[in-house]
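# Tertiary structure, described
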Amino acid sequence: MKEFELIQRIFKDASMSNVNGRDDILLGIGDDCAQIKVPTGQTLVFSMDTLVEGRHFPYDADPASIGYRAIATCVSDLAAMGAKPAFFSLGLTLPNSDAQWLAAFSEGMAEIAEPLGLTLVGGDTTKGPLTITLQVHGYIEESLCSVRSGAKIGDDIYVTGCLGDASAAVPIVTGEMVVASDLFEYFHDRYWRPVPRVIGGMALKRVVTSMMDVSDGVAQDLQHILSASDVGAVIDARSIPVSDELQKWQPTNALAFALTGGDDYELCFTASPSMREEINLITQTLHLPCTNIGKIVETGFVVEGFSGDLNGWQHF
């Protein structure tokens, strides 16, 4: 297909591009620019991610899974700010215009974008090595935007969910390791179908002092909060939440995966001890697993009970 035929057939006609009922989207796909009206009392937040075949996902991977994961990982940034997803644009570099591949890719994106209320409003296509660039946008009240720089000495440190499954899954999804079917299904989904904690982020934004998502390993990502807030931290390795599946499959390496493995897309946040009951109420109401893993201190970074390498995912 030629470029404009591709845009029309695969993207403009897709249900996730439908702007009916969206008062904020004045123009979507089809013009030189999208036109957006930010709702009264809200501010616009946005984030961009680029995924490259062979670097961020395996060669010849299922296109529907690529599409789903691309949206989920990028939307996780909105969750970390406590924002409500609104719309996104897509930059797509393709080695060829394979209509079947593109249809499956689009379906994978729509599978997660539509339930989130995330509408495709534009983008660009070109020829080259498979590369996906997404820019996601969301709305949030100016005073409630969760940032990395608000952590205070004495704050509790929390993470949602379980950590380490996605990084442990890499040799499974690449075919380097063969495991039993039940393990394959669990870890395959943990890598390809991460759950961005959008609702959790929106609910927690009123009680946190800082927040970010865990994409490069919690030990590394937490240090971004420490640097931005000019504080230190002590975390207890014994409190790091690890799934039963990972503990049973990799008992020796489970903690290292949980501390340093990337691609979890859980939330890491800090909050005053006075908010413990409120946080417990929020997370229980949402059925959101949440664990207190340590404390903000004046300086330094210590992981008690772990003596291994704390370096997380490196992009270069």
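Let us look at the structure shown here. Within every chain, residues take consecutive numbers counted from 1 along the sequence as written. Residues qualify for local features only when their pLDDT is at least 70, as the model is predicted, and side-chain atom pairs are given and counted only at 80 or more; totals for whole chains, interfaces and linings, by contrast, use all residues. Working from all heavy atoms in the structure, the side-chain values ignore hydrogens and water.

### Details of the overall build of the protein
Looking only at helices and strands, the protein has 10 helices and 12 strands in total. This radius of gyration counts C-alpha atoms alone. The globule rule is 2.2 Å times how many residues there are, raised to the power 0.38. Taking 20 Å as the expected radius of gyration for a compact globule of 316 residues, we find that the protein reaches 20 Å, a close match to that expectation. Considered along the principal axes of its C-alpha atoms, the protein spans approximately 55 × 50 × 35 Å. For the protein, with 316 residues in total, the buried portion stands at 52%. Total accessible area on the protein stands at roughly 14800 Å², and carbon and sulfur atoms take up 51% of it. His is not counted, nor are the chain ends; Lys and Arg add positive charge and Asp and Glu add negative charge. The atom standing in for a charge is NZ when the residue is Lys, CZ when it is Arg, CG when it is Asp and CD when it is Glu. Computed over 20 positive and 41 negative side-chain charges, the inter-centroid distance for the protein is 4 Å. Labels follow the DSSP assignment, with helices taken as runs of H or I lasting at least four residues and strands as runs of E lasting at least two, numbered in each case from the N terminus. For each residue, the accessible area found with a 1.4 Å probe, counting protein chains only, is set against the maximum for its type, and the residue is called buried under 20%, exposed over 50%, and partly exposed in between. In this description, accessible areas are obtained by the Shrake-Rupley approach with a 1.4 Å probe, and a residue is regarded as covered only by the protein chains that are shown.

### Concerning the pairing of strand β7 (residues 156-160)
The buried count for β7 comes to five of five residues, which makes it a mostly enclosed element. Burial of the side chains of β7 extends over both faces: Asp156, Tyr158 and Thr160 are buried on one face and Ile157 and Val159 on the other. When DSSP finds at least two bridges between two strands, those strands are taken to pair. One ladder, built from four bridges, connects β7 with strand β10 (residues 266-271); its direction is antiparallel. By the bridge assignment for β10, aspartate 156 is matched with alanine 271. Bridge count for β7 against strand β11 (residues 290-297) is five bridges, and the pairing is antiparallel. The residue bridging threonine 160 from the neighbouring strand is cysteine 290, located in β11.

### Some details on a nonpolar patch on the surface
Nonpolar side chains collect at one region of the surface, where Val38, Leu44 and Phe46 lie side by side and expose about 260 Å² of accessible area between them. Relative to the helices and strands, phenylalanine 46 is located in strand β3 (residues 43-52). Any residue with relative accessible area above 30% and no salt bridge may belong to a patch, with like charges joined within 9 Å and the nonpolar Val, Leu, Ile, Met, Phe, Trp and Tyr side chains within 5 Å. By convention in these notes, a salt bridge is any Lys or Arg side-chain nitrogen within 4 Å of a carboxyl oxygen on Asp or Glu.

### Thoughts on the nonpolar core
To define a nonpolar core, start from buried Ala, Val, Leu, Ile, Met, Phe, Trp, Tyr and Cys residues and group those joined through side-chain atoms within 4.5 Å. Phe11, Phe88, Leu90 and Ile132 are the most contacted members of the largest nonpolar core, which has 84 residues in total. Sort the elements by how many residues they give to this core and helix α2 (residues 63-81) lands first, with 10 residues. The contact criterion used throughout is that any non-hydrogen atoms of two residues lie within 4.5 Å. Each residue touching leucine 90, except ones within four places of it in the same chain, is listed here: Phe11, Phe105, Met109, Leu120, Gly122, Gly123, Asp124, Ile132, Thr133 and Leu134. Residues Ile25, Ala86, Val121 and Tyr139 belong to the second largest nonpolar core, which totals five residues.

### Remarks on the sheet that holds strand β6 (residues 131-140)
Judged by pairing direction, the sheet is mixed, and its four strands sit side by side in the order β3-β6-β4-β5 without closing on themselves. Among the strands making up the open sheet, the edge pair consists of β3 and β5 (119-127). Each adjacent strand pair in this sheet contributes to an overall mean axis angle of 15°, direction not counted. Alignment of strand β4 (residues 84-94) against β5, held across eight bridges, turns out to be parallel. Counted as the bridge partner of phenylalanine 88 is leucine 120 from β5. Sheet strands touched by helix α3 (residues 99-116): β4 and β6. Its angle to β4, the strand with the most contacts, is close to 165°. Between N-to-C directions, angles cover 0 to 180 degrees, with each direction set by a line fitted to C-alpha atoms, over the stretch in contact for helices.

### What to know about unusual backbone geometry
Although it is not a glycine, aspartate 230 sits at a positive phi angle of roughly 60°. Within the fold, aspartate 230 resides in the loop between α7 (218-229) and β9 (232-236). Of note in this structure, histidine 287 is not a glycine but carries a positive phi near 55°. For histidine 287, the position within the fold is in the loop between α10 (276-285) and β11. A relative accessible area of 71% means that histidine 287 is categorised as exposed.

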